[in-house]
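The residues making up each chain are set out below.
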Amino acid sequence: MKGGNMKKIGFLFCFLGLLVFASAAQAIGLEVAVGGWYHSPTGNLSYKLAAVNDKLDIEDDLDYDGKLRFTGRAKVKDLPFFLPSIYVMATPMEFDGTGRKNVSFKFGDQNFLAATNFTSNVRLTHYDVALYYGIPFLETATAGLLAIDIGLDIRFVDFSADVTQGATSQTESIFLPVPMVFFAARIMPHDRVWLEGEFRGIAYSGSSYYSLIGRVRVNVYGPVFATTGYRWDYIDINQDNIKALVNVGGFFFELGFEI
């Protein structure tokens with residue numbers, strides 16, 4: 001089994017373990033949501049860039065369209081002994097298509113012909129694990145109107161790119177752990193309607209990652225809630241001869257529960 005798949009399976013077991021642990025402890029809060037995100041990419045990427053023609057434009061050269069992917073997240077909150085809350089999120093991102101470039105180009109060690117169709121597949125899946133604390137007494141001081149969380153997020157970026165033209169093919173993949181600042185705010189003007197925002201970001205060594213999420217949450221009945229909102233991700237990878245500058249954005253919906 002490939003190392004990337006082993007990492008994903010290990011992450012899944014950790015995720016399930018957190019849910020079991022939280023469910024078994026009555027004093028611990030649990031929030032779980034699943035949904036769909038329709039997102040469209042723009043930007044460019046290259047592997048072993050040697051000339052300007054080797055840079056592939058996501059819209060013009062790769063011809064990628066928007067995709068609807070399922071997402072999931074879970075929070076384990078109110079842990080004892082001053083332990084931080086835990087926020088886990090999985091965001092699959094994968095695009096494919098048939099492209100065409102008017103000039104010849106190289107991707108990795110392979111040469112690709114001009115004005116000839118080629119297929120490609122790019123995966124930019126994210127797994128986030130955040131440890132955070134709420135600002136003490138803020139919710140009480142604002143009469144339940146405002147809550148703010150601050151912490152550290154580790155984002156695991158599962159990146160792969162494959163370009164194929166006839167018998168010529170080049171594939172490259174990396175799995176990057178990226179530490180990021182985590183900030184979240186929640187405004188609760190009404191018991192049933194909340195406004196939530198999240199920011200994750202960092203810039204270092206020629207790479208940068210930023211993620212913004214804004215959502216409207218409606219508490220439907222009891223522990224059940226529904227959300228809708230917009231998510232935008234900026235991904236600038238410059239590592240192991242891979243250069244990718246990608247903007248991904250779109251609307252999402254979720255259904256979840258909190259106990």
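**A few points about the overall build of the protein chain**
- Regarding its fold elements, the protein chain presents two helices and 14 strands.
- The buried share among the 259 residues of the protein chain stands at 44%.
- In the protein chain, of all internal contacts separated by at least 6 residues, the share reaching a separation of at least 24 is 63%.
- A total of about 13000 Å² of accessible surface is found on the protein chain, and carbon and sulfur atoms cover 63% of it.

**Points about the pattern of salt bridges**
- The tally for this structure, following the rule as stated, stands at 17 salt bridges.
- Arg 200 is the partner of Asp 153 in a salt bridge, and the nearest nitrogen-oxygen pair spans 3.1 Å. Taken together, the residues Asp 153 in strand E9 (residues 146–165) and Arg 200 in strand E11 (residues 193–204) connect sequence positions 47 residues apart. Taken as a pair, Asp 153 and Arg 200 share a single burial class, namely buried.
- It is possible to trace a salt-bridge network through shared partners that takes in Glu 31, Arg 73, Lys 77, Asp 153, Glu 196, Glu 198, Arg 200, Arg 215, Arg 217, Glu 254 and Glu 258.

**Quick word on the packing of aromatic side chains**
- The final tally for this structure, using the stated rule, is 11 aromatic pairs.
- Ring plane angle 10 degrees and centroid distance 5.1 Å describe the contact between Phe 105 and Phe 112, whose orientation is recorded as stacked. Like Phe 112, Phe 105 is buried.
- Seen from their ring centres, Tyr 210 and Tyr 234 are 6.1 Å apart, and the 35 degrees between their planes marks the pair as tilted.

**Describing the pairing of strand E10 (residues 168–187)**
- Direction of pairing for E9 relative to E10: antiparallel, over a ladder of 20 bridges. Bridge pairing links Val 157 to Leu 176 in E10.
- Turn length for the E9-E10 hairpin, with the two strands adjacent in sequence and antiparallel, is two residues, and the turn residue Gly 166 shows positive phi of about 65 degrees.
- The pairing of E10 with E11 spans seven bridges and is antiparallel. When the sheet's bridge partners are listed, Phe 182 is paired in E11 with Arg 200.
- The loop that links E10 with its antiparallel partner E11 comprises five residues.

**Here we look at the nonpolar core**
- Counting 38 residues, the largest nonpolar core has Phe 107, Leu 124, Phe 159, Tyr 209 and Ile 237 as the members making the most contacts within it.
- If one sorts the elements of this core by residue count, E10 sits on top with six residues.
- Apart from the residues within four sequence positions on either side, Phe 159 is in contact with Val 122, Arg 123, Leu 124, Glu 172, Ser 173, Ile 174, Ile 237, Ile 242 and Ala 244.
- Counting eight residues, the second largest nonpolar core, distinct from the first, contains Ile 28, Ala 74, Val 76 and Leu 79.

**So, unusual backbone geometry**
- Of note in this structure, Ala 115 is not a glycine but carries a positive phi near 50 degrees.
- If you check the backbone angles, Asn 241 has positive phi at about 70 degrees while not being a glycine.
- Along the chain, Asn 241 turns up in the loop between strand E13 (224–239) and strand E14 (242–258).

**A few points about the side chain of Asp 128**
- In this fold, Asp 128 is placed in strand E8 (residues 118–134).
- Within polar-contact distance, the side chain of Asp 128 engages the side chain of Arg 155 at 2.9 Å.

**Section: a negative patch on the surface**
- On the surface, Glu 59, Asp 60, Asp 63 and Asp 65 cluster together into a patch of negative charge.
- For Asp 63, a relative accessible area of 43% translates into the label partly exposed.

About the criteria used
Residues numbered from 1 in each chain as written. Predicted model: local features only at pLDDT ≥ 70, side-chain atom pairs only at ≥ 80, totals over all residues. Heavy atoms only, no water. Helix = DSSP H or I, 4+ residues; strand = E, 2+ residues; numbered from the N terminus. Buried < 20%, exposed > 50% of the residue type's maximum accessible area, 1.4 Å probe, protein only. Contact = heavy atoms within 4.5 Å. Areas by Shrake-Rupley, 256 points an atom, 1.4 Å probe, with all protein chains shown as cover. Salt bridge = Lys/Arg side-chain N within 4 Å of Asp/Glu carboxyl O. Phe/Tyr/Trp six-rings, centres within 6.5 Å; stacked < 30°, edge-to-face > 60°. Pairing = 2+ DSSP bridges. Core = buried A, V, L, I, M, F, W, Y, C linked by side-chain atoms within 4.5 Å. Polar contact = N/O pair within 3.5 Å; in protein donor to acceptor, adjacent residues only side chain to side chain. Patch = residues over 30% accessible without salt bridge, like charges linked within 9 Å, V, L, I, M, F, W, Y side chains within 5 Å. Lys, Arg positive; Asp, Glu negative; His and termini not counted. Charge placed at Lys NZ, Arg CZ, Asp CG, Glu CD.

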